[in-house]
Amino acid sequence: MKLLALLSLLILMLQEARTASLSKEREGDPYAILHLGDYVLSLDNYDEVIDPSYYDELIDYGDQLPQVKGTSLASLTRTRFTQSTEAARTLPSNPTTARLPALGLLAAPANHGLPTCLICVCLGSSVYCDDADLENIPPLPQTTAYLYARFNRISHIRAGDFKGLTKLKRIDLSGNSISSIDDKALRLLPALRDLILPENKLVALPALPTSIEVLDVRMNRLQSSGIQPEAFRALEKLQFLYLADNLLDAIPPSLPLSLRSLHLQNNMIETMQRDAFCDTEEHRHTRRPLEDIRLDGNPINLSLFPSAYFCLPRLPTGRFV
């Protein structure tokens, strides 16, 4: 009997030891509270075995997250708006006008009230104002050497439009509506070489600087009465003179000896003077550079004026019958 009692006591002690061991294991394993028993785990019953609601009870991360002191978007926006408002109060009432002295001619407002180099493209010494809806020549930087303001609505060139632009070499105003040019607008430009004015409405030529080499006034409304008798005599560097598609009824007089190309096609010329090209007192080929004369598209019969060509290296292009 004593032996049986001793064995029973030993069995109870072993069971208690096992129970204590399992309790310790479960305290170290949070998933031990998921009593699966003999449940067989498979893809079909996975959602039954693992209940996500248990995780809220197992681990609470709320106390482990660091506290971040942030600023809300609304408060940040209000702060920046306040700063911008305070900065705006310190600006002058007309900031565009106030900045003009600092930026000079580059900031002078053009037709649209904006600085020229915002409406146009300024690259080095070139200013491109093509198709910019301009009605006048905009204020230009003093360093401008090449101006392209084609296909705008410019109707008049004023006396001061190019004032002080001593480096200006080329002006291209093709495709505007220019009907007049002030006599003082161009003659004081010492470096001007190319004046390009086709497809405008000019009826007369202005005074030109002696530095001019290329003059293109095609497709205007130019009349012979609009060209002064001595308009070209002093232009000793003029090489290319394009006056086609106008309303001229005579060849312009006093053409300089430097001329290489003269285009007068599609005008209303019916006759010419004997000295239109050659000096009748000097029977020499004094106009060797003038190899390109076009008179086609005029009613004149060139065969009626043989003595007018003896100084030329080639006969003019036109009607000889």
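Residues numbered from 1 in each chain as written. Predicted model: local features only at pLDDT ≥ 70, side-chain atom pairs only at ≥ 80, totals over all residues. Heavy atoms only, no water.

The cut-off we apply is this: UniProt positions are given in the numbering used here, feature names are shortened, and annotations may be inferred rather than shown by experiment.
Where an unreviewed UniProt entry is consulted, the chain appears under the name Opticin, with the organism given as Bison bison bison. Regarding the chain, the UniProt comment filed under Sequence similarities (unreviewed entry) reads as follows: "Belongs to the small leucine-rich proteoglycan (SLRP) family. SLRP class III subfamily." In UniProt, the chain has this text filed under Subcellular location (unreviewed entry): "Secreted, Extracellular space, Extracellular matrix".

1. A look at the overall build of the chain
Under the convention used in this document: Secondary structure elements follow DSSP: runs of H or I of four or more residues count as helices, runs of E of two or more count as strands, with numbering from the N terminus. Between buried and exposed lies partly exposed: a residue is buried under 20% and exposed over 50% of the maximum accessible area for its type, with that area taken using a 1.4 Å probe on protein chains only. Only the protein chains shown count as covering a residue, and every accessible area follows the Shrake-Rupley method with a 1.4 Å probe.
A count of helical and extended segments in the chain gives six helices and 11 strands. When the 321 residues of the chain are sorted by exposure, 33% land in the buried category. Carbon and sulfur atoms make up 55% of the accessible area of the chain, which totals about 20,500 Å².

2. Examining a nonpolar patch on the surface
For clarity, the threshold we go by: Candidates for patches are residues over 30% relative accessible area with no salt bridge; among them, like charges are joined within 9 Å and nonpolar side chains (Val, Leu, Ile, Met, Phe, Trp, Tyr) within 5 Å. The salt bridge definition used is simple: a Lys or Arg side-chain nitrogen within 4 Å of an Asp or Glu carboxyl oxygen.
A cluster of nonpolar side chains, Val121, Leu123 and Tyr128, forms an exposed patch at the surface whose accessible area comes to about 270 Å². Along the chain, Leu123 falls in strand 1 (residues 121-123). According to the relative accessible area criterion, Leu123 is exposed, its value standing at 53%.

3. A short note on the layout of surface pockets
For clarity, the cut-off: Cavities and pockets were defined on a 1 Å grid built from protein atoms only: a cavity is a group of points that admits a 1.4 Å probe but offers it no way out, a pocket is an open group of points flanked by protein on both sides within 12 Å along at least five of seven lines, and a lining residue is one with an atom within 4 Å of any such point. Grid points are joined across faces, edges and corners, and a volume is the space filled by probe spheres set on the points. Each residue gets one of three labels, nonpolar for Ala, Val, Leu, Ile, Met, Phe, Trp, Tyr, Cys and Pro, charged for Asp, Glu, Lys and Arg, and polar for the others, Gly among them.
Put simply, the largest pocket is a space of about 520 Å³. Of the residues that constitute the lining of the largest pocket, the class distribution is 10 nonpolar, four polar and five charged. By residue class, the composition of the lining of the second largest pocket is 10 nonpolar, four polar and two charged.

4. Quick look at the environment of Phe232
What counts is decided by this rule: In what follows, residue pairs with any heavy atoms lying within 4.5 Å of each other are defined as contacts.
Tracing the backbone through its elements, the reader meets Phe232 in the loop between strand 8 (214-216) and strand 9 (240-242). Residue class for Phe232 comes out buried when judged on its relative accessible area of 0%. Taking the C-alpha atoms as reference points, Phe232 and Pro252, separated by 20 residues in sequence, lie 8.4 Å from one another. Excluding its chain neighbours within four sequence positions, the residues that come into contact with Phe232 are Leu205, Leu215, Ile227, Leu238, Leu241, Pro252, Pro253, Ser254, Leu255 and Pro256.

5. As for the state of the cysteines
This is how the line gets drawn: In this description, a disulfide is simply a cysteine sulfur pair whose atoms lie within 2.5 Å.
Per the stated rule, a full pass over the model turns up three disulfides. Sulfur-sulfur distance for the disulfide between Cys117 and Cys122 comes to 2.0 Å. One disulfide, between Cys117 and Cys122, carries an S-S torsion of -90° and so falls in the left-handed class. Residue classification places Cys117 among the partly exposed residues on the basis of a relative accessible area of 24%. A residue is classified by how much of its surface remains accessible, and Cys122, at 26% relative accessible area, is partly exposed. At a sulfur-sulfur separation of 1.8 Å, the disulfide partner of Cys278 is Cys311.

6. Focus on the pattern of salt bridges
In total, this model carries nine salt bridges according to the counting rule given. Across the pair Asp133 and Arg153 runs a salt bridge whose closest N-O atoms are separated by 2.7 Å. With a gap of 20 residues between them, Asp133 in the loop between strand 2 (126-128) and strand 3 (146-148) and Arg153 in the loop between strand 3 and strand 4 (156-157) connect regions that are remote in the sequence. You can call Asp133 partly exposed: its relative accessible area is 39%. Across the pair Glu230 and Arg233 runs a salt bridge, and its minimum N-O distance is 2.3 Å. Connected via shared salt-bridge partners are Asp130, Arg150 and Asp172.

7. Notes on the confidence of the model for the chain
Stated formally: The predictor rates its confidence in each residue with pLDDT, a number between 0 and 100.
The share of residues in the chain with pLDDT of 70 or more is 64%, and the mean pLDDT across the chain is 77. Under a pLDDT of 50 for its full length, residues 45-107 has, in the predicted model, 27 contacts with residues more than four places off or in other chains.

8. Regarding the sheet that holds strand 5 (residues 170-172)
Under the convention used in this document: Only strands joined by at least two bridges in the DSSP assignment are considered to pair. Working convention: axes come from line fits to C-alpha atoms, limited for helices to the stretch in contact. Angles between N-to-C directions cover 0 to 180 degrees.
Here we have nine strands laid out as an open sheet, ordered 1-2-3-5-7-8-9-10-11, and mixed in their pairing. Taken across any chain shown, the strands that pair with only one partner, and hence form the sheet edges, are strand 1 and strand 11 (292-294). If you compare each strand with its neighbour and ignore which way they point, the axes differ by 5° on average.

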